[in-house]
Amino acid sequence: MSDMRDAVGLRSTWKQFAETQYEFEPATGTLWGYMNQQGNPCFNLGLLKEIRSVGSELASNDGHIEYEGGMHKVHTYVAASRVPRVFNLGGDLALFLLLIRSRDREALAHYARLCIDNIHAQIRHYECPTLTTLSLVQGDALGGGFEMALAGDVIVAEESAMLGLPEILFNLFPGMGAYSLLARRTSARVAEELILSGKVLPAARLHEMGIIDVLAKDGEGETAARDWIAKNARRRSGYQAVMRVRQQVNPITREELDAVADTWVDCALRLEDRDLRMMSRVVRAQAERMDAAAPDPLPAAGVAMAAG
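Residues numbered from 1 in each chain as written. Predicted model: local features only at pLDDT ≥ 70, side-chain atom pairs only at ≥ 80, totals over all residues. Heavy atoms only, no water.

### Focus: the pattern of salt bridges
How we decide: Throughout this description, the term salt bridge denotes a Lys or Arg side-chain nitrogen within 4 Å of a carboxyl oxygen of Asp or Glu. Numbered from the N terminus, helices here are DSSP runs of H or I no shorter than four residues, and strands are runs of E no shorter than two. Each residue is placed in one exposure class: buried if its accessible area under a 1.4 Å probe, protein chains only, is under 20% of its type's maximum, exposed if it is over 50%, and partly exposed if it falls in between.
Tallied over the entire structure, the rule returns 14 salt bridges. A salt bridge links Glu 23 to Arg 11, with the nearest nitrogen and oxygen atoms 2.9 Å apart. Of this pair, Glu 23 sits in strand S2 (residues 20-25) while Arg 11 sits in the loop between helix H1 (3-8) and strand S1 (12-16), and the two are twelve residues apart along the sequence. Residue classification places Arg 11 among the buried positions, given a relative accessible area of 4%. Of the charged contacts, one joins Arg 185 and Asp 213 as a salt bridge, the two residues approaching to 3.4 Å between their closest N and O atoms. Linking Arg 185 in helix H6 (residues 178-185) with Asp 213 in the loop between helix H8 (203-208) and strand S13 (214-216), this pair joins segments that are 28 residues apart in sequence.

### Examining the sheet that holds strand S10 (residues 154-158)
Going by this rule: For two strands to pair, DSSP has to find at least two bridges joining them. Orientation is described by lines fitted to C-alpha atoms, with helices fitted over the stretch in contact, and by angles between N-to-C directions that extend from 0 to 180 degrees.
Ordered in space as S1-S2-S3-S6-S8-S10-S13, the seven strands form an open sheet in which the pairing is mixed. Whereas interior strands pair on both sides, the edge strands pair on one side only; in this sheet they are S1 and S13. Strand-to-strand twist across the sheet, computed as the mean angle between neighbouring axes with direction ignored, equals 20°. As paired strands, strand S3 (residues 30-35) and strand S6 (residues 76-81) are joined by six bridges and run parallel to one another. Residue pairing in the sheet places Leu 31 in a bridge with Tyr 77 of S6.

### Observations regarding the environment of Glu 25
By the secondary structure assignment, Glu 25 is in strand S2. Between the C-alpha atoms of Glu 25 and Asp 153, which are 128 residues apart in sequence, the distance is 19 Å.

### Some details on the pairing of S6
S6 sits mainly inside the fold: six of its six residues count as buried. Across four bridges, S6 lies against strand S8 (residues 132-137) in parallel orientation. Each residue of the ladder has a partner; that of Val 78, found in S8, is Leu 134.

### Observations concerning the nonpolar core
Rules: Put simply, buried Ala, Val, Leu, Ile, Met, Phe, Trp, Tyr and Cys residues joined by side-chain atoms within 4.5 Å make one nonpolar core. Pairs of residues are marked as contacts when any of their non-hydrogen atoms sit within 4.5 Å.
Leu 31, Leu 108, Val 137 and Leu 163 are the most contacted members of the largest nonpolar core, which has 75 residues in total. When residues in this core are grouped by element, the largest group, ten residues, is from helix H4 (residues 105-123). Once you skip the residues sitting within four places of it in the chain, Leu 31 turns out to touch Trp 14, Tyr 22, Glu 23, Phe 24, Val 54, Leu 58, Ile 65, Val 74, Thr 76, Tyr 77 and Val 78. Judged by nonpolar contacts, the second largest core, of 15 residues, contains Tyr 34, Ala 80, Val 156 and Ala 216.

### Quick word on the packing of helix H3 (residues 93-101) against helix H12 (residues 273-292)
What counts here: Small angles under 35 degrees read as roughly parallel and large ones over 145 as roughly antiparallel, with 65 to 115 read as roughly perpendicular and the rest as oblique. Take the far helix as the reference: if the near one is turned anticlockwise from it by less than a right angle, the crossing is left-handed, and if turned clockwise, right-handed. Each residue gets one of three labels, nonpolar for Ala, Val, Leu, Ile, Met, Phe, Trp, Tyr, Cys and Pro, charged for Asp, Glu, Lys and Arg, and polar for the others, Gly among them.
Contact geometry for H3 and H12: axes closest at 9 Å, N-to-C directions at 155°. Accordingly, the angle class assigned to the pair H3 and H12 is roughly antiparallel. As for how H3 packs across H12, the hand of that crossing is left-handed. The segment H3 lies against H12, with Leu 93, Ala 94, Phe 96, Leu 97, Ile 100 and Arg 101 engaging Leu 276, Met 279, Ser 280, Val 282, Val 283 and Gln 286. When the residues that make up the contact of H3 with H12 are grouped by side-chain class, the tally is nine nonpolar, two polar and one charged.

### Considerations on the sheet that holds strand S9 (residues 140-142)
The four strands are arranged S7-S9-S11-S12 in an open sheet whose pairing can be described as mixed. Edge positions in the sheet fall to strand S7 (86-88) and strand S12 (200-202), since each has one partner strand and no second. Neighbouring strand axes in the sheet, compared pairwise and without regard to direction, differ in orientation by 25° on average. Across two bridges, S9 lies against strand S11 (residues 162-164) in parallel orientation. The partner of Ala 141 across the bridge, within S11, is Leu 163.

Pasting the structure below:
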């Protein structure tokens, strides 16, 4: 918790779930949504459903939330994490292994749809054109974690954060929006290079590429996010209109995301034993990292960089 919040009580808990917690700052209209998983910090079904429930509430209330007996406008939604040195490690690989080995296409497609439900809602500003979304990355964002960060209007990342799409390690690709989002932030060529190389890059490099908007020193990510919100408060209407125009000129439709997700399911079901063994090794590496709370980057990330 920030010293500012403790000192002046600017924000407090709005909702608490098993894997997420939300705090609201009425003075600035900022809703802070933190992933706070105890186990492997990935997009398991529970996390996907919790995030979706809050998104649905924002959409149904035209960007307002009920807080301390009244309805309050949310101007900025910040997606963040309280897992040390991790934003999110991506898809639930253990679940993927189970479903691929059992040839359960329906369940894989259901998982993909839940992911798209969240990504598309974030891209659409939860159907509220006067809401800005900000991704605060204070640790590693891999695969689906990187995709979630990319779905925000603004990405603020700390210098030590590593971000990338290592799915090609096990002959898969990130199918929940990475190509669409990267192609629009940069180009199709850059999107394909990042996806096919499997490289996991430092935040500073992605900032140079124009993918990350604000680069912050370690430990100062939240302050940087606050500064961005304060700096843009007076031009909020204009900024949000430009974000809406971005979608009008170069839209990312639900149909596009669903079609890509279908391709992802097809690709997943074509994986061979050697691919699944590699996926199993990544699952073990993730578990060992979290069990040991190791300070080193995820082992798979290093392999991905070497592969590139």
